[in-house]
Amino acid sequence: MTTGAWTAMDDRGVVPALGGLIDGTGMWRPGALACIERNGRFLTGTWDPPGAEDQDQDQGRGQAQGRGQGRGEGEDGPGIAGEGSWVRFIGRIGAVALRAAVASTRPERRERLLALLEMWAESPFADPAARLRTGIVVTERLAVRDARGAAVSVGWGREGRRRFVELRTGDAEPPRLGEIEEVADVPRGWGSPEQLRRLVALVRERGPAPWGREAVALLRERTGMGRPAASLALAGFLQRMYVPFLDADERATLRLKVAEAEDGASELARLTALERLELLADVLPEDPAELWEPDGMRGVAERLAEAWQARRGRRAVVPERTLKAVVELQLLRLSAAEFCAAFTHPAAEPGLSAPLDTWIKQSEHGPLLTDARWDIMRFEDRLHSIVPHLAWVYAELPAGDPVREGLPGLVRLLLERLDHPGLLLRAGHPAAGSGRTVAELQERFGFRPYAGPERLDVASIDDGLTVITDGTVGRRGDRSPPRVHFRPAFYGDDERSRALAALTSGFGREDLPLVEWLRGPVCARIAERVEGASLPVGAYESNPAASAPDLVARVAGALGLDEDAAALHLQLLALPAPTDRNVRTWNGWQTARHQKAAAALVERGLVIEDKRPRAGRQVFLPGEWIHAKKPYQPMEAWKAELIGLRRSYNRRLENPLPLPTRTLPELFAHAWSLVEKGEGPV
């Protein structure tokens, strides 16, 4: 094929087509495919730089090419495509081929991928007999070639170092661009010229390979991925470049809602471009035609599952309904699968697998918490995602669910990690009026400075529990407030702990409230409720008929109701979101049974019927109703006060649910006691 054949395809559309499989996407410009092709032809000796007859081609002139990849040839080389990460496709082109073949790829991206595969099939990069090596070389030269072979720089120079690829055509060592620092033979995998040509021809003749729902289920079962992530993996790991990153047709093919697609991308986000290539390199069948056979994607799923397990192990498979429910939580720091894995096998999760030794280092933005592997970031991701939702797992997942059953073990592991003396966590900034500098706080916290492995450029205090560092001075001369850290292993009921709690009272206490609640009696009682098998398998703690049957009987007798109506009344009194869907799920009711119980409450004047935005139900407690916008939950004012939910400045509910102060049986009992005392909703 001639270079001109790529002109129509060679534009900015190459970047999203290869998104997630290449690095430095901002460095890719029009002309990339033609530039890659020139690199291959230069190596094989079928393309010469302009004016080559006037140059010493044996050694190359080493002059810098005109900057701007995609503008054509350099003065002594074929040019640089992107930042050079395309060289990783050698031996791993199967990842690109998978994306080109599957049904979910957009037509305009598929055309660019097919063009790349057509070009690749004619290049030495697909030739299994080609003696290719890649590595890092110290040089400013762009290309060199003689009878022994050739080498080209495929990336921009950084401190004199460049990525390169070389082809040996003779028996002796090929010419060098400079001093080689790293070098390795290229891998050899799926993607011979014949396989590439056949796959391209099949896609052009038959259209994309049929999508397989069963293949997604198989991949999920064998890896523990969430269904959205498994779908994206089989689609070639589409990159999350913007939100939503899939269009309506792509989501329809993959059978994903917007939130599910975003969650699946989040689950796969920690994979690097190279890891994606390696996982997908050899998942296609030897004969590409098998993709169009019945269950053609099943073999792809089997090979991908094997590659995944070899590199990343296998997580426990959790019920699909549980994953969907976690997706609806819209967690910011973890995917649904990562959240569930913290419960099913916490000791294997990043940040939880071993005790953490953290320290404070200096950064351009002031003192920063760090550790040897940045696991503190993963630990805090889990701490801030899991602890606020422990009560949700306990209340809204059924007994016997593997995520719910893992709650006690996860709590024990978190407490063990918090008891490690080397762990420092964040406690925010001093409360207003407490002091604006370390000097103002020394009388209360002592004069001993913090002594970590890295020197700080600001004043500090360390009393063994609390570490305080001065804020940094900005360009305008204003100083940011001090930062407070603490060692949870030494936080308890002593004078130092009381001083720390007083210093950080109010908002912005960061990790401290989570530590306090995890170590508190309510968390312990929740874990005991789960571990004690207090419910039959399949029952929900949010159903008082299951979790507090004696109380339901007492309410029914006091109000002259049947037990269904009494249970619903307790749910409306105490639970923040007793939507129709939730109540029927928790109670195992069909619509008619639910409506009968609600009608009994309306008839007795205990609730009123109404239609209210985002309520998801038709019956409400009497009294004031407080509105809220997503993601917050509107509810009755009496109930908000009961569970300790504070209104925002505009009298709406714009705060997350507080950490619970009671187990659900205790909350049901407390709500009913207020009613009995005449302090119920009116």
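Residues numbered from 1 in each chain as written. Predicted model: local features only at pLDDT ≥ 70, side-chain atom pairs only at ≥ 80, totals over all residues. Heavy atoms only, no water.

If you tally the helices and strands in the chain, you get 28 helices and 15 strands. Projected onto its principal axes, the C-alpha coordinates of the chain cover approximately 100 × 70 × 40 Å. Burial status across the chain gives 54% buried among its 682 residues. Across the chain, contacts joining residues at least 24 apart in sequence account for 67% of those joining residues at least 6 apart. As presented, the chain carries roughly 30100 Å² of accessible surface, and 49% of it is formed by carbon and sulfur atoms. Of the side-chain charges in the chain, 91 are positive and 96 negative, and the distance between the mean point of each set is 3 Å. (Helix = DSSP H or I, 4+ residues; strand = E, 2+ residues; numbered from the N terminus. Buried < 20%, exposed > 50% of the residue type's maximum accessible area, 1.4 Å probe, protein only. Contact = heavy atoms within 4.5 Å. Areas by Shrake-Rupley, 256 points an atom, 1.4 Å probe, with all protein chains shown as cover. Lys, Arg positive; Asp, Glu negative; His and termini not counted. Charge placed at Lys NZ, Arg CZ, Asp CG, Glu CD.)

Moving on to the packing of helix H24 (residues 563-574) against helix H28 (residues 664-676). At a minimum axis separation of 9 Å, H24 and H28 run at an interaxial angle of 90°. Comparing the axis directions of H24 and H28 gives the class roughly perpendicular. Residues His-569, Leu-570, Gln-571, Leu-573 and Ala-574 of H24 touch H28, and the partners they reach there are Leu-667, Phe-668, Ala-671, Trp-672 and Val-675. (Axes fitted to C-alpha atoms, helices over the stretch in contact; angles between N-to-C directions. Parallel < 35°, antiparallel > 145°, perpendicular 65-115°, else oblique.)

Once that is clear, we can look at the packing of aromatic side chains. Applying the stated criterion across every chain, the model contains eight aromatic pairs. Judged by centre distance (6.2 Å) and plane angle (85°), the rings of Trp-86 and Trp-120 are edge-to-face. One end of the pair, Trp-86, is in the loop between helix H2 (32-44) and helix H3 (94-101); the other, Trp-120, is in helix H4 (residues 107-121), and 34 residues separate them in sequence. By relative accessible area, which is 0% here, Trp-86 ends up buried. Overall, Trp-120 belongs to the buried group, its relative accessible area being 1%. (Phe/Tyr/Trp six-rings, centres within 6.5 Å; stacked < 30°, edge-to-face > 60°.)

If you trace the four strands from one edge of the open sheet to the other, you get E8-E11-E10-E9, paired in antiparallel fashion. Every other strand in the sheet has two partners, leaving strand E8 (425-426) and strand E9 (460-462) as the edge strands with one partner each. (Pairing = 2+ DSSP bridges.)

Strands in a sheet are paired, the pairing made by backbone hydrogen bonds, and the direction either parallel or antiparallel. Read across the sheet, five strands follow the order E2-E3-E4-E1-E5 without closing on themselves; strand pairing throughout is antiparallel. Of all strands in the sheet, those bounded by a partner on one side alone are strand E2 (143-146) and strand E5 (179-185). The sheet shows a mean angle of 20° between the axes of neighbouring strands, direction not considered. As paired elements, strand E1 (residues 131-138) and E5 share six bridges and run antiparallel to each other. Looking at E5, one finds that Arg-133 is bridged to Asp-185. Strand contacts of H2: E2, strand E3 (149-153) and strand E4 (161-168), with the helix running at about 150° to E3, the strand carrying the most contacts.

What follows covers helix H6 (residues 213-223). If you check which residues of H6 are buried, you get Ala-215, Val-216, Leu-218, Leu-219, Arg-220 and Thr-223. In this structure, the buried residues of H6 make contact with helix H7 (227-234), helix H11 (296-312) and helix H12 (320-328).

Let us look at the packing of H12 against helix H13 (residues 336-344). Each pair of packed helices can be described by the angle between their axes along with the distance between the axes. Their axes nearest at 9 Å, the elements H12 and H13 cross at an angle of 115°. Once H12 is placed against H13, the crossing between them reads as right-handed. Here Thr-322, Leu-323, Val-326 and Val-327 of H12 come into contact with H13, specifically with Ala-336, Ala-337, Phe-339 and Cys-340. For the contact of H12 with H13, the class distribution of residues is seven nonpolar, one polar and no charged. (Left-handed = near helix turned anticlockwise from the far one by under 90°. Nonpolar A, V, L, I, M, F, W, Y, C, P; charged D, E, K, R; others polar.)

Before going further, it helps to spend a moment on the layout of surface pockets. Considered as a void within the structure, the second largest pocket measures approximately 520 Å³ in volume. Together, 24 residues line the second largest pocket, and Arg-312, Arg-315, Ala-348, Glu-349 and Pro-350 are the ones closest to its centre. Mapped onto the lining of the second largest pocket, the elements with two or more residues apiece are helix H9 (258-268), H11, H13 and helix H14 (375-386). Within the lining of the second largest pocket, the residues separate by chemical class into seven nonpolar, five polar and twelve charged. (1 Å grid on protein atoms, 1.4 Å probe; cavity = no way out; pocket = protein on both sides within 12 Å on 5 of 7 lines; lining within 4 Å. Points joined across faces, edges and corners; volume = space filled by probe spheres on them.)

Attention now goes to the pairing of strand E7 (residues 366-371). Among the six residues in E7, five count as buried, and that is most of the element. Where strand E6 (residues 358-363) and E7 come together, six bridges link them in antiparallel fashion. Within E7, the residue paired with Ile-360 across the bridge is Leu-369. Between E6 and E7, which pair antiparallel and follow one another directly, the connecting turn spans two residues.

With that settled, the discussion passes to the environment of Ala-427. Tracing the backbone shows Ala-427 in the loop between E8 and helix H18 (438-445). Once residues within four sequence positions are removed from consideration, Ala-427 is found in contact with Val-484, His-485, Phe-486, Leu-500, Thr-504, Gly-508, Arg-509 and Glu-510.

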